[in-house]
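Commentary on secondary and tertiary structure
Residues per chain are reported as follows:
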Amino acid sequence: MPNPEPVPSSGAETDAVALTAHGLACIRDDFTLFSGLDFRIVPGDVVQFDGPNGCGKTSLLRIICGLGLPDEGEVRWCGQNISQARAEYSSELSYVGHNHGVKDELTPLENLHMAQSLGRARLDIEPAVALQKFGLAGLEDVPARKLSAGQKRRVALSRLLVTEARLWILDEPFTAIDKQGVRDIEALLAEHVSRGGMVILTSHHPVSLDFGHVKCIHLKP
Amino acid sequence: MYSSETVRQHTLGAAFFALFRRDLTLAFRHRAEMANPLLFFVIVVTLFPMGITPETKILETIAPGVIWVAALLAAMLSLDTLFRSDFDDGALEQILLSPHPAAVLVLAKVLAHWLVTGLPLILVAPLLGVLLALPADAMWVLVATLALGTPVLSLVGAIGTALTVGLRRGGVLLSLLVLPLYIPVLIFGANAVGTAADGLPVIGQLYFLGALLVLSLTLAPLAIGAALRISLS
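Residues numbered from 1 in each chain as written. Chains lettered and ligands numbered in written order. Predicted model: local features only at pLDDT ≥ 70, side-chain atom pairs only at ≥ 80, totals over all residues.

1. Examining the overall build of chain B
The condition is simple: Numbering of helices and strands runs from the N terminus; a helix is a DSSP stretch of H or I covering at least four residues, while a strand is a stretch of E covering at least two. Note that the radius of gyration is over C-alpha atoms, with the globule rule given as 2.2 Å times the number of residues to the power 0.38.
For chain B, the count of helices and strands is ten helices and one strand. When the elements of chain B are put in sequence order from the N terminus, they spell out β-α-α-α-α-α-α-α-α-α-α. Taking 17 Å as the expected radius of gyration for a compact globule of 233 residues, we find that chain B reaches 19 Å, a close match to that expectation. Projecting the C-alpha coordinates of chain B onto the three principal axes gives extents of approximately 75 × 35 × 30 Å.

2. Here's the deal with the interface of chain B and chain A
The test is simple: Contact between residues is assigned whenever the C-beta positions, reconstructed from backbone atoms, fall within 7 Å. In this classification, Asp, Glu, Lys and Arg are treated as charged, Ala, Val, Leu, Ile, Met, Phe, Trp, Tyr, Cys and Pro as nonpolar, and every other residue, Gly included, as polar. What makes two strands pair is DSSP finding at least two bridges between them.
At the interface, 26 residues of chain B touch 32 residues of chain A. Elements with a contribution of two residues or more to the side of chain B that touches chain A: strand 1 (7-9), helix 1 (12-28) and helix 6 (91-96) of chain B. The element best represented in the side of chain B that touches chain A is helix 1 of chain B, accounting for six residues. Of the residues in the side of chain B that touches chain A, the class split is 13 nonpolar, eight polar and five charged. Sheet topology note: the strand 7 (residues 120-122) of chain A/strand 1 of chain B ladder contains three bridges and is antiparallel. The residue bridging alanine 121 of chain A from the neighbouring strand is arginine 8 of chain B, located in strand 1 of chain B.

3. Thoughts on the nonpolar core
Nonpolar side chains in soluble globular proteins tend to be buried together. Stated formally: For our purposes the nonpolar core covers buried Ala, Val, Leu, Ile, Met, Phe, Trp, Tyr and Cys residues that link as a set through C-beta atoms within 7 Å. Backbone-placed C-beta atoms define the burial measure: a residue is buried with 20 or more other C-beta atoms within 10 Å of its own, exposed with 12 or fewer, and partly exposed in between. Note: domain ranges come from an automatic or database domain assignment.
Counting residues in each nonpolar core, the largest one holds 131 residues, and the members touching the most others are Ile169 and Val199 of chain A together with Ile67, Ala71 and Ala162 of chain B. Counting residues per element, this core draws most heavily on helix 8 (residues 136-164) of chain B, which supplies 14 residues. Both domain 1 (1-92 + 166-221) and domain 2 (103-165) of chain A contribute no fewer than three residues apiece to this core. Excluding residues that lie within four positions of it along the chain, alanine 162 of chain B makes contacts with Phe83, Ile224, Ala227, Leu228 and Ser231 of chain B.

4. Some points on the confidence of the model for chain B
Close inspection of predicted coordinates is inappropriate in any region flagged by low pLDDT. Put simply, the test is: Every residue is assigned a pLDDT by the predictor, reflecting its confidence on a scale from 0 to 100.
Across chain B, the average pLDDT comes to 92, with 98% of residues at or above 70. Across the assembled chains, the prediction reports ipTM 0.87 with pTM 0.90.

5. A look at the sheet that holds strand 4 (residues 72-77) of chain A
Residue and element names in this part refer to chain A. With antiparallel pairing, four strands are arranged side by side in an open sheet as 2-1-4-5. On the outer flanks of this sheet lie strand 2 (31-41) and strand 5 (80-81), each paired with one strand and no other. As judged from the two bridges shared by strand 4 and strand 5, these two strands associate in the antiparallel manner. Considered in strand 5, the bridge of arginine 76 is made with asparagine 81.

Right, here's the structure in full:
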């Protein structure tokens, strides 16, 4: 039986900004990936899920996003089930999944403009500047199919900069990213939580932040 | 967090238009693929005079059915491209995670898809009508029925595509799901053209096709959005 360590919840469950999971379970082909998973994430938290391959990390993130349905339990945003508060929850959410959603035929700049149209655009940072910050200067107008795997993931992560969302959900954000890139992303995460953001990520690597600390939740098979 | 002055959520209309324009851009960058349904349509229809008979009397009789069946199959052939690439690269997840209602956003995708695959069929249909010796009176009815009918084919087909996009080999299943729903469009469309060729009024059939269009335009987007959520979960 999987027995994840619950994160100690602080304070009463009110309508304050918080993401809470209550008794989440995921069953795939008669095989229980995890069950009875509870956690509470408040602004300023970075939560890292880790565990061996196939232990349900991606399934869990998809459930938290509302893309997948849990077999048991529920996810609540500010005290409301996310399937009931979908529009409100979605506008506070940025998800960079395993398939990162960067269109090969579009340029990085066009990809970011599309992301801004679908979500809440930040007006204080231009998409071109965001790409520069992610080391993609000069590649703004190259079709994304010509970029390397790491560069494509950088384009996907640039979405986090140009759209405003309190909750970032990142599935293996460091895949195919070089060492300097990993440091850049960690700095970005620290900046986000220092502003009151929340981050949920999966990674096999230890994440070190200058600001705040990373809560690690192990999913055990 | 940032103040509201530095953050702007696009209106639903802006998001709709952005997605519509994105899909047209993507189609334009895949021009070769874009021509496939149109080529299929033209090839199938031009084979009939060669396969059956060049006699105008017989061609005139079969013309409405042949053109409509070919248009229907061409529309069905093009369905697979509707959500496939977005599903494979994760862009569909981003669309469903947008705060805007998925039903409206998918309508932008279906509209762009219809403009690229359905509209060319309508434009080229009169030429094929001439090829099959369709009387001039029936020509505008052919164009009108296709203009009313092909959007229905795209909308209804999109429901089936949304349901089967997660399957590796959903092609046959898609035809089984979608073809029965295409039959009313085919019957009213082909019948209207045939009736017009005989010089009889066709307003009744056109009303029916119009009603089908309104029905699918209002209900199909909801079904497509729900089907995509099922496929992605």
